[in-house]
Amino acid sequence: MSTPTPIRGYTATKDQLLARLRRVEGQVRGIEKMVDEDRYCIDVLTQISAIQAALDKVALGLLDGHARHCMHEGAAEGRADEMATEMMAAVGRLMKRG
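- With an unreviewed UniProt entry as reference, the protein is termed DNA-binding FrmR family transcriptional regulator, source organism Micromonospora sagamiensis.
- In UniProt, the protein has this text filed under Sequence similarities (unreviewed entry): "Belongs to the CsoR family."

Right, dumping it as structure tokens:
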């Protein structure tokens, strides 16, 4: 007997998120090739910046789904404060760079 797949906040946009992540994966491979080919440092850094922006969009999409779905469910179960604390911790981790 299999357990049902849980509904996540991103379930409705899962295909879009996966497509974006595949593009990011391709961009990372492109940077690897650029480094292998000894491309100009600033060009490599520009591509890294583009990847970071793309990952930020993925993260924002996940946060949006979490706020609209998971937190809504958590609030209905009486866990609103717990869910808010968890989400803010995740946002804090996302904002820490360098």
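With respect to the overall build of the protein
Inference 1: In terms of helices and strands, the protein carries 3 helices and 0 strands.
Inference 2: Whereas a compact globule of 98 residues would reach a radius of gyration of roughly 13 Å, the protein reaches 18 Å, over 25% beyond that.
Inference 3: Scored against the burial criterion, the 98 residues of the protein give a buried share of 19%.
Inference 4: Across the protein, contacts joining residues at least 24 apart in sequence account for 54% of those joining residues at least 6 apart.
Inference 5: Carbon and sulfur atoms make up 57% of the accessible area of the protein, which amounts to about 7700 Å² in all.
Inference 6: Considering the protein, the positive charge centre built from 14 side chains and the negative charge centre built from 14 side chains are found 3 Å apart.

Observations concerning the pattern of salt bridges
Inference 1: Tallied over the entire structure, the rule returns 5 salt bridges.
Inference 2: Across the pair Glu25 and Arg29 runs a salt bridge, and its minimum N-O distance is 3.4 Å. Note that Glu25 and Arg29 are positioned in helix H1 (residues 14–36) at a spacing of 4 residues, about one turn of the helix.
Inference 3: For Asp64, the salt bridge identified is with Arg68, shortest N-O distance 2.7 Å. Here Asp64 and its partner Arg68 are both found in helix H2 (residues 41–76), 4 residues apart, which amounts to about one turn of the helix.
Inference 4: You can call Asp64 partly exposed: its relative accessible area is 36%.

What counts, and at which threshold
Residues numbered from 1 in each chain as written. Predicted model: local features only at pLDDT ≥ 70, side-chain atom pairs only at ≥ 80, totals over all residues. Heavy atoms only, no water. UniProt positions renumbered as here; feature names shortened; annotations may be inferred. Helix = DSSP H or I, 4+ residues; strand = E, 2+ residues; numbered from the N terminus. Rg over C-alpha atoms; globule rule 2.2 N^0.38 Å. Buried < 20%, exposed > 50% of the residue type's maximum accessible area, 1.4 Å probe, protein only. Contact = heavy atoms within 4.5 Å. Areas by Shrake-Rupley, 256 points an atom, 1.4 Å probe, with all protein chains shown as cover. Lys, Arg positive; Asp, Glu negative; His and termini not counted. Charge placed at Lys NZ, Arg CZ, Asp CG, Glu CD. Salt bridge = Lys/Arg side-chain N within 4 Å of Asp/Glu carboxyl O.

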